[in-house]
Amino acid sequence: MNFFDWDFALSILPDLLKASLNTLLITFAGFAIAIVLGLLLAIARRSRHLWLSWPVAGLIEFIRSTPLLIQVYFLFYVFPNYGLNLTALQAGILGIALHYACYTAEVYRAGLDAVPRGQWEAVTALNMSPLSAYRQIILPQALRPILPALGNYLVAMLKDTPVLSAITVVEIMQQAKNIGSESFRYLEPITMVGIFFLLLSLALAWCVRRVEDRLEVTAR
Amino acid sequence: MPQPIVRFTDVTKRYGNLTVLNKLNLDVAPGEKVAIIGPSGSGKSTLLRALMTLESIDEGVICVDDEPLTHMPARDGRLVPASASHQRKVRGKIGMVFQSFNLFPHMCALQNVIEAPMQVLGMGRKEATERAEDLLAMVGLGEKLRHFPSQLSGGQQQRVAIARALAMRPKVMLFDEVTSALDPELCGEVLNVIRRLGSEHNLTMLMVTHQMGFAREFADRVCFFHQGCIHEQGTPDQLFGNPQQERTKAFLSAVNEAN
């Protein structure tokens with residue numbers, strides 16, 4: 001029977017923590033890109049200009065309907081053949097950001113659709129430019145109801161970062177596998193990684209709820 | 001008649017097979033108060049919405065202050081469909097108040113009024129705020145500056161909406177059934193504000209309304225709409241006192257019966 005070896009666990013902790021920095025970097029950098037890019041995609045998809053809205057709709061459907069693993073493989077192993085050379089970490093962040101941008105774009109779309117038509121008519125009647133209309137009037141109303149959904153994607157994205165181990169990104173899961181293959185002990189590293197994801201997911205969910213509560217207060 | 005500030009020339013608007021505005025012609029003089037009445041579906045609101053560019057038109061030209069709104073002159077002098085920036089330029093002369101208020105729910109009354117002057121007219125916050133306070137005081141809401149729309153009654157919200165539209169210094173104000181969503185006892189406070197506007201400012205006003213009493217007392221001219229055209233028009237005394245067309249008579253007697 002193989003029991004949890006606390007000394008071994010303690011000895012691999014520094015390596016795991018170091019790799020966890022990559023996990024955090026991928027999550028936060030990826031999410032930052034995804035929520036900005038997702039918004040732009042959502043707005044482009046709503047455009048009246050078909051030359052813009054149709055390709056964007058196609059891109060969103062394509063990326064949502066194919067696995068993240070295939071997308072990061074393309075970015076890291078296929079694109080260099082066509083001159084796009086990215087490090088594993090760059091390809092990983094870009095891949096996961098693009099993947100989640102397409103999901104958040106759909107969330108934004110739901111939020112934008114939920115803003116009553118009268119609000120759009122009011123900004124037209126006040127002659128506001130599309131930019132200030134979105135920034136001051138439409139987005140603040142569209143964002144509040146979709147924050148929980150965006151927060152869910154942040155947590156989902158965190159949990160998807162191990163996929164990037166497939167393109168040699170040394171995030172916490174890849175580090176745990178490395179440790180396992182060298183020491184033939186998987187119980188400790190994999191358990192520790194599981195706990196890491198659990199704690200971080202709970203912490204992120206708590207932060208998202210705090211942000212929602214604050215918006216609720218400032219809205220009234 | 002002096003040079004009209006609003007001119008509809010042969011304006012047609014269709015939704016599929018349904019023609020809502022049918023080769024409509026209408027000139028409005030500067031400072032004139034025009035009440036638009038008629039059965040529902042006759043194109044009254046569409047007329048205002050087309051003038052505010054909330055609806056596109058299929059044929060004809062709308063001019064505001066001698067400038068085409070829906071079109072712009074091309075280099076060779078022909079009129080071509082207006083670009084977004086041309087529309088924004090001409091549209092700035094028009095303000096509109098809606099049946100359902102359409103206030104911004106995440107902003108207090110004061111913010112609702114200062115936002116567009118700051119964003120669109122480039123007014124500084126201090127100037128915009130002073131002006132908004134004056135306007136909100138004028139509509140009787142000087143004490144409610146920091147109230148959010150959800151904390152205001154329908155009549156109060158509609159008065160904020162009037163102040164918000166006025167803050168953009170329009171030459172023409174459009175009122176689209178502005179009392180239809182209000183309890184009868186709240187209508188009066190909104191109509192009083194419009195009355196004051198009419199007497200103290202030289203604003204051109206186009207008003208779609210079901211309040212015949214108000215139209216009669218307030219308007220310089222009343223237009224009766226039927227099937228997308230002006231079926232009959234005249235001074236309030238002519239149109240209400242001595243309507244010529246059978247359809248007008250039928251409409252007015254139906255309205256009188258309902259009241």
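The structure presented is a predicted model; accordingly, all values stated were derived computationally and were not measured.

Draft legend 1. Layout of the overall build of chain A. Looking only at helices and strands, chain A has eight helices and zero strands in total. When the helices and strands of chain A are listed from N to C terminus, the series reads α-α-α-α-α-α-α-α. Once the C-alpha set of chain A is aligned to its principal axes, its extents read approximately 70 × 50 × 25 Å. Here chain A holds 220 residues, and the buried ones make up 33% of them. Pairs at least 24 residues apart make up 77% of the contacts formed inside chain A by residues separated by at least 6 positions.

Draft legend 2. Region of interest: the overall build of chain B. Looking only at helices and strands, chain B features nine helices and 12 strands. Projected onto its principal axes, the C-alpha coordinates of chain B cover approximately 55 × 50 × 35 Å. The buried share of chain B, taken over its 259 residues, is 43%.

Draft legend 3. Broad picture of the interface of chain B and chain A. At the interface, 20 residues of chain B touch 16 residues of chain A. Secondary structure elements with two or more residues in the side of chain B that touches chain A: α2 (84–91), β8 (94–97) and α3 (109–120) of chain B. In terms of residues, the side of chain B that touches chain A owes the most to one element, α3(B), which gives four residues.

Draft legend 4. Spotlight on the domain arrangement of chain B. Residues and elements named next belong to chain B. When the domains of chain B are assigned, the result is domain 1 (1–93 + 171–259) and domain 2 (99–169). The centre of domain 1, based on its C-alpha atoms, is set 24 Å off from the matching centre of domain 2. Counting from both sides, the interface comprises 12 residues of domain 1 and, opposite them, 10 residues of domain 2. At the level of secondary structure, the elements contributing two or more residues to the side of domain 1 that touches domain 2 comprise β9 (172–176) and α6 (184–200). For the side of domain 1 that touches domain 2, the element with the highest residue contribution is α6, accounting for four residues. Of the residues belonging to the side of domain 1 that touches domain 2, the class tally is seven nonpolar, one polar and four charged.

Draft legend 5. How the structure looks around the nonpolar core. Ranked by size, the top nonpolar core spans 117 residues in total, and within it Ile36(B), Val113(B) and Leu174(B) carry the most contacts. The leading source of residues in this core is helix α4 (residues 88–114) of chain A, at 15 residues. Mapping this core onto the domain boundaries places at least three of its residues in each of domain 1 (1–93 + 171–259) and domain 2 (99–169) of chain B. Excluding residues within four positions of it along the chain, Ile36(B) makes contact with Lys44(B), Leu47(B), Leu206(B), Met207(B), Val208(B), Cys223(B) and Phe225(B). Membership of the second largest hydrophobic core comes to nine residues, among which are Ile12(A), Ala19(A), Ala176(A) and Ile179(A).

Draft legend 6. Fine view of the environment of Pro149(B). Residues and elements named next belong to chain B. Position of Pro 149 relative to the elements: it lies in the loop between α4 (125–138) and α5 (154–166). Along the primary structure Pro 149 and Lys 126 are separated by 23 residues, whereas in three dimensions their C-alpha atoms are 22 Å apart. Every residue in contact with Pro 149, bar those within four places of it in the chain, is listed here: Leu 103, Pro 105 and Gln 157.

Draft legend 7. Just the confidence of the model for chain B, in detail. For chain B, the average pLDDT comes to 92, and 100% of its residues sit at 70 or higher. Taking the mean pLDDT of every element in chain B, the minimum, 80, falls on strand β6 (residues 71–73) of chain B and the maximum, 96, on β8(B).

Draft legend 8. Just the pairing of strand β3 (residues 33–37) of chain B, in detail. Residues and elements named next belong to chain B. Along β3, five of the five residues are buried, which leaves the element largely enclosed by surrounding structure. Where burial is concerned, the two faces of β3 agree: the one with Lys 33, Ala 35 and Ile 37 and the one with Val 34 and Ile 36 are both buried. Two strands pair when backbone bridges link them, and β3 and strand β10 (residues 204–208) are joined in this way by four bridges, in the parallel orientation. By the bridge assignment for β10, Ala 35 is matched with Met 207. For β3 and strand β11 (residues 221–226), the ladder comprises four bridges, and the chain directions are parallel. Following the sheet pairing, Ile 37 is matched in β11 by Phe 224.

Draft legend 9. Spotlight on the environment of Met107(B). All names here are of chain B. Looking at the secondary structure, you find Met 107 in the loop between β8 and α3. It is 8.6 Å that separates the C-alpha atoms of Met 107 and His 147, two residues lying 40 residues apart in sequence. Once residues lying within four places of it in the same chain are set aside, the contact partners of Met 107 are Asn 112 and Glu 115.

Draft legend 10. Layout of the environment of Gly155(B). Residues and elements named next belong to chain B. Checked against the element boundaries, Gly 155 lands in helix α5. For Gly 155, a count of 22 C-beta atoms within 10 Å puts it in the buried group. Along the primary structure Gly 155 and Val 190 are separated by 35 residues, whereas in three dimensions their C-alpha atoms are 6.2 Å apart. Gly 155 has contacts with Leu 182, Leu 186, Glu 189 and Val 190, leaving out every residue within four places of it along the chain.

Draft legend 11. The arrangement of the pairing of β10(B) in detail. Residue and element names in this part refer to chain B. The element β10 is extensively covered by neighbouring structure, given that five of its five residues are classed as buried. Going residue by residue along β10, you find Thr 204, Leu 206 and Val 208 tucked away on one face and Met 205 and Met 207 tucked away on the opposite face as well. Pairing geometry for β9 and β10, over five bridges, is parallel. Its bridge partner being in β10, Met 173 is matched across the sheet by Met 205. Chirality of the crossover, the property in question, places the unit of β9, α6 and β10 among those that are right-handed.

The rules behind each value
Each chain has its residues counted from 1, running along the sequence as written. Each chain is given a letter, starting from A, and each ligand a number, starting from 1, according to the order in which they appear as written. Only residues with pLDDT of at least 70 get local features here, since the model is predicted, and only at 80 or more are side-chain atom pairs given and counted; chain-wide, interface and lining totals rely on the full set of residues. Note on conventions: DSSP H or I runs of at least 4 residues are helices, E runs of at least 2 residues are strands, and numbering of each starts at the N terminus. Between the buried cut of 20 or more and the exposed cut of 12 or fewer other C-beta atoms within 10 Å of a residue's own C-beta lies the partly exposed class, and all C-beta atoms are placed from the backbone. The contact rule is simple: place each C-beta atom from the backbone, and if two of them lie within 7 Å, those residues are in contact. Residue ranges labeled as domains rest on an automatic or database domain assignment. The classification used treats Ala, Val, Leu, Ile, Met, Phe, Trp, Tyr, Cys and Pro as nonpolar, Asp, Glu, Lys and Arg as charged, and all other residues, Gly among them, as polar. Each nonpolar core consists of buried Ala, Val, Leu, Ile, Met, Phe, Trp, Tyr and Cys residues. Their C-beta atoms, within 7 Å, join them into a set. The predictor attaches a confidence to each residue, called pLDDT, with possible values from 0 through 100. By the convention used here, strands pair only if DSSP detects at least 2 bridges between them. Crossover handedness is defined by viewing with both strands directed away from the observer: a clockwise path from the first strand over the helix to the second marks the crossover as right-handed.

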